[in-house]
Structure formats: structure tokens, C-alpha cells
Amino acid sequence: MAAIEVSDLWVRYGDRDAVRGISLSVEGGSTTAVLGRNGAGKTSTIESIEGYRRIAKGSVKVLGLDPVRERTQLLPQIGVMLQVGGIYPRMNPREALQLYSGFYDSPVAVEELIAKTELINCAATPYRFLSGGEKQRLALALALIGRPKVLFLDEPTAGVDPAGKAQIRLTIAEMAKSGVAVLMTTHELAEAERLCDEIVVIDEGRIVATGSPNQLRQEFGRTVVSFRTALPVDTLDLSAKLRVSITALGDGSYRLEEGAPASIVGMLSAVLAEAGIELIELNAGRSSLEEIFLEITGNDE
């Protein structure tokens, strides 16, 4: 049995359907990201799975339990990391963790969590004086203190510096490796690509794509070739010779149209050498997850 099982989920606000027939599952020991534009329905989906929102239609099971009707049984087995707030401003991380530890029968030791999430230097600092990254690490520690079997993470690395992001990524990976099912939302697609086994893209309340990062690249990605030269390039002349469209990106950088054949790389080098133009940098690969996301959702923002 999957740790999270959602079947034909519908969420309705008045006469508007925010979520329309979503089905997904998350296995223990795996990490799944739900991606979507603002208003796409991802928050309503996650809140329904967590049991914070009643559904209009469909079925949601977490560890085999209904998150609304069997909430008392489920709560000790899940951890939820909120993106914002929930802590008394004058309370410090050590006090917050000590308070939360009293809610569970077998909590993780407070000092162990403080060390694990690198909160040692601010353990006695009032919450209101913590940096954004410190608040995020505390939110993660609070989600972990009950030894959850399922972990819900809302934008876990938002506003965190690179070192803090690395620590949070490591902690999430360790949780998944230990068998915990992790379901997260994020706007940082590079994080999703790095962390997740499965990605679910939601648009207008429906799932429009799902798969591992590699599967999404194979299904929706295109070959992308970009290059940088020492001298300006006549894009019209080069386009005619290569028979592909070329776009100038500035600073001596250019991009070939997506989907150009792999053989174009050799042709490009030869044509530039013939023209006496030095090729400083050449990159060829598949579309990034961000490019794929924008294409799938039709996002022009």
C-alpha cells in the first residue's frame, strides 16, 4: 500500500472547482514534488491530503487512514512543515522544540534535532530575530520531531541561503532514505529536479504531466544548443547556413532554435571557424525542468 493514495480528488469553492479529478500516489522512501502556478490547485490538493480541507468528491488515504475522519490516529504519524509562522515571536527554537516534543510519545531528542538542522548558534534566539533561513530550518525540525512516516513540506528552501539549502536537501534525502514518504511543493524547480523521484505538474486543477525528472525531459524536453563567441555573429547569415533559427541573448551569447538536430553542433563549429570567429563556449543538452514546466503550463510570466 502506498503511503499516500489520492483518487479522483475534487475540491470546490462555491461554484468553482479548484481541483478537478486529481489522482496520485507516494510510496514510502520516495520524494514527490507537486508543481504549479499560483492558483493552479496545488495548495488545495496538499491541504486536502493533510486533512485541513474537506473534499467535494474522491478519496484520500494517508497510511491507509482518512485524514479527516481518522485524524486523531493519523496526526502522530505525519509531519507538516509550514512555509510561514506558527511560532510565538518571543519563543526560541529550543523552547519551541521542547513544547512540540510533548505532543508525541517517542519524540526525537531536542538537542539531536538542533544539531541535525544546524540551529545550534541560534537555539536561544527569539523567533522574531531569526533569519529567514533559520526559521525554515526550525520549521523543518518541528516537522521531524515526532518521527513521521509521512512528511509534508511547503516550500522547504524558500528564502534560505545556499548553505542552508544544502543542509535542508541533505535532511530531506536522509528522511526518504529511512523510508519516510515525502510530499513537497516548491517554486524552485532546480530543487525539485535535485531532490525528487517523482514530479507532478498541476495546471487549472488538473494533472498535466507526471514522471521522474528524466522522464519529463525525455517526454517534453527538446535539444537546446547555446554558444558564446569572441566577436559578434551575423545571426541572419549563420541561420541561413545552418538552416535553423538563431537568437542573440546578449554578451556575445546565442541560442539555436529548440529541437535542432545533434549534428548541428559540428556544423556550427565548422561555420564559425571558417568565418574566423572564435567559439568561447558551447552548451548542448535537453531542456531544463523550468523550461519544460513553462511549456507544459503555458506560463508566459
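Criteria and cut-off values
Residues numbered from 1 in each chain as written. Predicted model: local features only at pLDDT ≥ 70, side-chain atom pairs only at ≥ 80, totals over all residues. Heavy atoms only, no water. Helix = DSSP H or I, 4+ residues; strand = E, 2+ residues; numbered from the N terminus. Buried < 20%, exposed > 50% of the residue type's maximum accessible area, 1.4 Å probe, protein only. Contact = heavy atoms within 4.5 Å. Pairing = 2+ DSSP bridges. Axes fitted to C-alpha atoms, helices over the stretch in contact; angles between N-to-C directions. Salt bridge = Lys/Arg side-chain N within 4 Å of Asp/Glu carboxyl O. Phe/Tyr/Trp six-rings, centres within 6.5 Å; stacked < 30°, edge-to-face > 60°.

> Can you walk me through the environment of Pro156 in this structure?
By secondary structure assignment, the location of Pro156 is in the loop between strand 6 (150-154) and helix 6 (162-177). Under the relative-accessibility criterion, Pro156 is labelled buried at 1%. Separated by 113 residues in the primary sequence, Pro156 and Ser269 place their C-alpha atoms 43 Å from one another. When near neighbours in sequence (up to four residues on either side) are disregarded, Pro156 contacts Met81, Gln136, Ile168, Ile172, Met184 and Thr185.

> Would you mind showing me how to read the sheet that holds strand 3 (residues 31-36) here?
Sheet strands pair by backbone hydrogen bonding; their relative direction is either parallel or antiparallel. Overall, mixed pairing links the six strands, which are arranged 5-6-7-3-8-9 in an open sheet. Of all strands in the sheet, those bounded by a partner on one side alone are strand 5 (78-81) and strand 9 (206-211). Ignoring which end each strand starts from, the neighbouring axes of this sheet average 15 degrees apart. Pairing analysis gives five bridges linking strand 8 (residues 198-203) to strand 9, with the strands arranged antiparallel. Following the sheet pairing, Ile199 is matched in strand 9 by Gly211. Sheet strands touched by helix 5 (residues 132-144): strand 5 and strand 6. Its angle to strand 5, the strand with the most contacts, is close to 165 degrees. Sitting on the sheet, helix 11 (residues 289-297) touches strand 3, strand 8 and strand 9, and the angle it makes with strand 8 is about 30 degrees.

> What's the story with the pattern of salt bridges in this structure? I'm lost.
If the charged atoms of two oppositely charged side chains come close together, the side chains can form a pair. Taken as a whole and assessed by the stated rule, the structure comprises 12 salt bridges. Lys165 is the partner of Glu188 in a salt bridge, and the nearest nitrogen-oxygen pair spans 2.9 Å. Residue Glu188 is located in the loop between strand 7 (181-185) and helix 7 (189-195), and its partner Lys165 is located in helix 6; the two are separated by 23 residues in the primary sequence. Given the relative accessible area of 23%, Glu188 is considered partly exposed. With a closest N to O distance of 3.4 Å, Glu281 and Arg228 form a salt bridge. Of this pair, Glu281 sits in strand 13 (residues 279-286) while Arg228 sits in strand 10 (residues 223-229), and the two are 53 residues apart along the sequence. Since its relative accessible area comes to 35%, Glu281 is described here as partly exposed.

> Which parts of the structure should I look at to understand the packing of aromatic side chains?
Any two aromatic rings considered together are summarised by their centre-to-centre distance and by the angle between their planes. The final tally for this structure, using the stated rule, is two aromatic pairs. Summarising the aromatic geometry, the rings of Tyr100 and Phe103 are spaced 5.5 Å apart at their centres and angled 50 degrees between planes, so their arrangement reads as tilted. For Phe103, a relative accessible area of 56% puts it in the exposed group. Each ring, one from Phe227 and one from Tyr254, has its centre 5.3 Å from the other, and the planes form 20 degrees; the classification is stacked.

> Where do I start with the pairing of strand 8 in this structure?
The two faces of a sheet get side chains in turn, since along a regular strand they alternate between them. Across the six residues that make up strand 8, a large majority, five, are buried. Of the strand pairs in this sheet, strand 3 and strand 8 are connected by five bridges, and their pairing is parallel. Each residue of the ladder has a partner; that of Thr32, found in strand 8, is Glu198. Where strand 8 folds back onto strand 9 in an antiparallel hairpin, the turn is made up of two residues, including Glu204, whose phi is positive at roughly 50 degrees.

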